[in-house]
Amino acid sequence: MRTLELRDGIVRMIDQRRLPQELVYVEIRDYPTVARSIKEMWVRGAPAIGAAGGFGLALAAMASHATTREDFVRDLEHAGQDLYETRPTAVNLGWAIQRILKKVRASNLPVKDLRDLVVAEAQQIAEEDIATNEKMARFGAALIQDGDTIIHHCNTGPLATVDVGTALGCIIEAHRQGKKIHVLVDETRPRLQGARLTAWELMQYGVPMTLIADNAGGHYLYRGLATKVFFGADRVASNGDVANKIGSYKLAVVAHENNVPVYSVMPTTTIDMTLASGREIPIEERGADEVTTIEGVRFAPQGVRVGNPAFDVTPNKYLTAIVTERGVVYPPFQENLQRVMDPVEG
Ligand code: MRU
C-alpha cells in the first residue's frame, strides 16, 4: 500500500486528514490540486511531498499543450513554482522539482517525448524513495537494542514517504527483526500527526506502543523510562542542525540533559549543503486554526493572537547521530556529512 502513486495519468494518494477514522484515497488529475493537497496536508512528510511535487509536474507535463521545447519548459517551470511555494521547509519538494526540470532542460528530445521523460523521472523519484528508506531502516534498526523504549515525535512512518518511512521505518524494522521494543508516541500538537498517524501505523504493524501527551516526554526521560529518541527531518543544514516538526528541539534538549541518545533519520535528499546552519532554514508558519481548534472544535477565545511555526531547529550538539541511506553519521557533523554527500555533490 503506497502513500501516493501515479497511474494512468491520475495521482492517487491517501487522504491523511481522514486517518485514523477512515482510510480513503483521493484521485487527482491536475497539478493545482496536487499543490493544494501538499499545502492542506492531505499528503505530508518531507519525502512524500517530494514525490507529490514530482507527480504534480508529471500532471503538468501531460496537460501542457506546448508544441515547442521553450513553451513546454515554461509550462513546467510555472507549475514547478506553484508546487514549490506550497510548503517552504522540507527541501525534498524543491529538490524533486529541480531534478525533473534539470533533466528536461538537458534533454534534446522532441516535446512529445519530453512528456514521457517527466513522467518517468517522477516515477523514478518515487521508486528511489522506497529503496532509500529500506536501506535507512536497516542502518537505523541496528542502533536499536532489545529492551529499548523509544520516544518518537511526529509521523515518520510509511505515510510520511512513498512507503517504509524514515525514523519510524527503523523502529518498525527493529520490531520486524524480533527486538523487544516499546514506543512512546507523542501526540505532536498542533496537527496530531503522532496521535492520529503514528499510533495508527504502529498498531497496524503490531509494534508495542503507548500514546503520550507532548508535554510528557520530559517525565519519561527524567525517570529513566525512555532509552532513545528518534525523529525525522525536513531539512538538515551542512553543520548537522536539523529542522523537524515543532517540538523536536525541546525533546532533544531534555533527552540530552538526561544522557538519552537522540537520532534523526533522513534520506540524503533532505540534507541541504548550501546552508551553513539551521538559522538559514525557512520555517513555515501555518494558520491559527490549527492551534485554536482540534478536529474543528474551537477551544481558544475568539480573536486570540496565535503563533504557529510548523517546524523548529535542533542544533547539532543535541544529536547523537544522523541516519541516512548511506550510513550512520556521527559528529563532527560538518566534516562527516560532507563525506557522505560527496559522491552526489561532486
Ligand atoms: O508537517 P508535516 O507533517 O509534513 O511534518 C512532517 C515531519 O516533520 C516529519 O518528521 C518529517 O517530514 C520527516 S519524516 C519523513
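Let me sum up the structure you'll find in this document. Everything numeric here is computed off the predicted structure, so don't read it as measured data.

Rules behind the numbers
Residues numbered from 1 in each chain as written. Predicted model: local features only at pLDDT ≥ 70, side-chain atom pairs only at ≥ 80, totals over all residues. Heavy atoms only, no water. Helix = DSSP H or I, 4+ residues; strand = E, 2+ residues; numbered from the N terminus. Contact = heavy atoms within 4.5 Å. Axes fitted to C-alpha atoms, helices over the stretch in contact; angles between N-to-C directions. Parallel < 35°, antiparallel > 145°, perpendicular 65-115°, else oblique. Left-handed = near helix turned anticlockwise from the far one by under 90°. 1 Å grid on protein atoms, 1.4 Å probe; cavity = no way out; pocket = protein on both sides within 12 Å on 5 of 7 lines; lining within 4 Å. Points joined across faces, edges and corners; volume = space filled by probe spheres on them. Nonpolar A, V, L, I, M, F, W, Y, C, P; charged D, E, K, R; others polar. Buried < 20%, exposed > 50% of the residue type's maximum accessible area, 1.4 Å probe, protein only.

What to know about the side chain of R115
Along the chain, R115 turns up in helix α5 (residues 111-141). Not counting chain neighbours up to four residues away, the residues in contact with R115 comprise A61, M62, S64, H65, A66 and F72.

A look at the packing of helix α1 (residues 31-39) against helix α2 (residues 46-63)
Between α1 and α2, whose axes approach to 8 Å, the crossing angle comes to 165°. Classed by the angle they form, the pair α1 and α2 counts as roughly antiparallel. Between α1 and α2 the crossing geometry is left-handed. Contact residues: Y31, V34 and I38 in α1; I49, A52, G53, G56, L59 and A60 in α2.

A few points about the layout of surface pockets
Volume-wise, the second largest pocket comes out at about 400 Å³. Along the wall of the second largest pocket there are 14 residues; nearest its centre are R191, E290, T293, E295 and G296. When the residues that make up the lining of the second largest pocket are grouped by side-chain class, the tally is three nonpolar, three polar and eight charged.

Section: unusual backbone geometry
A cis amide bond links R189 with the next residue in sequence, P190, at an omega value of 5°. One can find P190 in the loop between β5 (182-186) and α7 (193-205). Look at the link from P331 to P332: it is a cis peptide, with omega at 0°. Checked against the element boundaries, P332 lands in the loop between β16 (327-329) and α11 (333-345). Notably, N259 is not glycine yet its phi reads approximately 55°, a positive angle. Along the chain, the position of N259 falls in the loop between α9 (248-257) and β10 (262-265). Judged by its relative accessible area of 71%, N259 falls in the exposed class.

This is a description of form; function is not addressed.
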